[in-house]
Amino acid sequence: MAFAQLPVELLDAICQHAQPADLAVLSRTCSSFQLVAQRHLYRRLSISTASHNLQAVVTLAKKPELASIVREFSLRAESATTFKPFLQLVGIVLSRMTELVSLDLFVAPDASWILSGMRCSYPRLLHFSSSFSFDGHVAEFLSRTDALLELEVDGISTSSNALLVPGLPTQSIPHLSQFVGSVHVARVIVPGRPVESIHLLSGDLTVEDVITLANSTSHVLILGATTTSPPLPILDSLSQNMTSLIYLRLMTTCDFLEGSQPSFYEHTARALSSLTDLKGFELGGLHWANAQKDLKDRQLVWQSQPFVAEDIVTEDIELDSDLFYVY
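Residues numbered from 1 in each chain as written. Predicted model: local features only at pLDDT ≥ 70, side-chain atom pairs only at ≥ 80, totals over all residues. Heavy atoms only, no water.

Caption draft 1: Geometry of the overall build of the chain. The number of helices and strands found in the chain is 12 helices and 13 strands. Within the chain, buried positions represent 41% of all 327 residues. For the chain, contacts bridging at least 24 residues in sequence account for 57% of all contacts bridging at least 6. Summed over its atoms, the accessible surface of the chain is roughly 17,500 Å², and 55% of this surface lies on carbon and sulfur atoms. (Helix = DSSP H or I, 4+ residues; strand = E, 2+ residues; numbered from the N terminus. Buried < 20%, exposed > 50% of the residue type's maximum accessible area, 1.4 Å probe, protein only. Contact = heavy atoms within 4.5 Å. Areas by Shrake-Rupley, 256 points an atom, 1.4 Å probe, with all protein chains shown as cover.)

What follows is the structure, encoded as structure tokens:
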């Protein structure tokens, strides 16, 4: 049987394993191959200044049928965003990608206006990350992404017109499970939604913030944050309000090791022990040690005193071992 006479289903299966360069060649051989090859070639698009393929945005703007094929779209073009016509083309292209599952937009933080022209809904969008500040354009876009599970946005806009954090209706992004962004935006996004994973890249976590974020409608399982406050009050609040934590990473500018007393480690161990599901804890870049009580008891016992030199037998450590590099 000639290759051109193969059933469409078999051609589709072959294209699933072909490289992009091969798909591009196949799409130019004859019209019968073009649709099948283009469907795979444009399904996942990664465009960036580093890859020198920004021209793909122009192609998608000229050919709406190609834009409608895209399911995963990533654009990283910070250096190109000084050109407003280019951003306008991006907005046109995005308005035609209504079947998107994943969207990554890393252009100028103040270019969120490109979302305002996208009046269509994105019923299948599960992942959205961007360099945009959380402003009215982003909030309005999120109101049209009912299936969204993962969200990453920057902090609050610093423009003179953005004095307050935009509100987000409670019915928006009702299934959100992961948030990455600033603590200021998390205060708006997390409460009332089933967020299980929170990564705060900026802002100062306070005891009040812990209480607010605990108002997620699901158990918070993963938390990463930074604070300028002493860690013990934060840990106490977490042990009371986020009792289902599995992993906790707390960075702090407070020099908690300077003059730390044994009571500090004991207090920390007590707080961690009350988090019965906790498997890993990092404080200020230090991984807190833990051990299992016994084979029958799965509860972990956390480090309750500082390490001293006598605790480590140096002659038993090989220089190329993992333990050597950890310490």
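Caption draft 2: Here's a closer look at the side chain of Ser131. Mapped onto the elements, Ser131 comes out in the loop between strand 4 (127-130) and helix 7 (136-142). On the basis of relative accessible area, Ser131 is assigned to the buried category, the value being 12%. Looking at Ser131, its side chain comes within polar contact range of the main-chain oxygen of Val107, at 2.5 Å. Beyond its immediate chain neighbours, meaning those up to four positions away, Ser131 contacts Leu105, Phe106, Val107, Ala108, Pro109 and Asp154. (Polar contact = N/O pair within 3.5 Å; in protein donor to acceptor, adjacent residues only side chain to side chain.)

Caption draft 3: Structural detail: helix 4 (residues 55-62). When helix 4 is considered as a whole, its buried residues turn out to be Val57, Leu60 and Ala61. End-on, the buried residues of helix 4 take up no more than an arc of 100 degrees, which puts them together on one face. Away from its buried face by more than 90 degrees, helix 4 exposes Gln55 and Lys62. For helix 4, the elements touching its buried residues are strand 1 (44-48), helix 5 (64-67), strand 2 (72-76) and helix 6 (84-95). (Arc of directions from axis to C-beta.)

Caption draft 4: View of unusual backbone geometry. Unusually for a residue other than glycine, His52 sits at a positive phi of about 55 degrees. Among the secondary structure elements, His52 is positioned in the loop between strand 1 and helix 4. The class of His52 is exposed, set by a relative accessible area of 72%. Phi is positive for Ile173, close to 35 degrees, though the residue is something other than glycine.

Caption draft 5: Quick look at the nonpolar core. Core analysis: the biggest nonpolar cluster contains 77 residues, and Leu60, Phe73, Leu105, Phe128, Leu142, Leu151 and Phe179 have the highest contact counts within it. Look past the residues within four positions of Leu142 in its chain and what remains in contact with it is Phe128, Phe134, Leu148, Leu151, Leu168, Ser172 and Ile173. (Core = buried A, V, L, I, M, F, W, Y, C linked by side-chain atoms within 4.5 Å.)

Caption draft 6: View of the environment of Asp204. One can find Asp204 in the loop between strand 7 (197-202) and helix 9 (207-213). Considered as a pair, Asp204 and Ser182 are 22 residues apart in the sequence and their alpha carbons are 8.8 Å apart. Not counting residues within four places of it along the chain, the set of residues in contact with Asp204 comprises Val183, Arg187, Asp209, Thr226, Thr227, Thr228 and Ser229. Here Thr227 takes part through its side chain, which lies 3.3 Å from a polar atom of the side chain of Asp204.

Caption draft 7: Just the environment of Thr59, in detail. Relative to the helices and strands, Thr59 resides in helix 4. Taking the C-alpha atoms as reference points, Thr59 and Leu89, 30 residues apart in sequence, are found 10.0 Å from one another. Each residue touching Thr59, except ones within four places of it in the same chain, is listed here: Tyr42 and Leu66.

Caption draft 8: View of the confidence of the model for the chain. With 71% of its residues at a pLDDT of 70 or more, the chain shows a mean pLDDT of 81. For the chain, per-element mean pLDDT is lowest for helix 12 (residues 322-326), which scores 40, and highest for strand 5 (residues 150-152), which scores 97. A low-confidence stretch, residues 159-163 stays under pLDDT 50, and its non-local contacts, those more than four residues away or across chains, total one contact. The low-confidence segment residues 321-327 (pLDDT under 50) makes eight contacts with residues lying over four places distant or belonging to another chain. (pLDDT = per-residue confidence, 0-100.)

Caption draft 9: Main features of the pattern of salt bridges. Enumeration according to the criterion identifies five salt bridges in this entry. Arg124 is the salt-bridge partner of Glu99, the closest N and O atoms lying 2.4 Å from each other. Placement of the pair is Glu99 in the loop between helix 6 and strand 3 (102-106) and Arg124 in the loop between strand 3 and strand 4, with a sequence separation of 25 residues. According to the relative accessible area criterion, Arg124 is partly exposed, its value standing at 47%. We note a salt bridge from Asp209 to Arg187, for which the minimum N-O separation is 2.7 Å. Placement of the pair is Asp209 in helix 9 and Arg187 in helix 8 (residues 183-189), with a sequence separation of 22 residues. Accessibility expressed as a relative area gives 4% for Asp209, which makes it buried. (Salt bridge = Lys/Arg side-chain N within 4 Å of Asp/Glu carboxyl O.)

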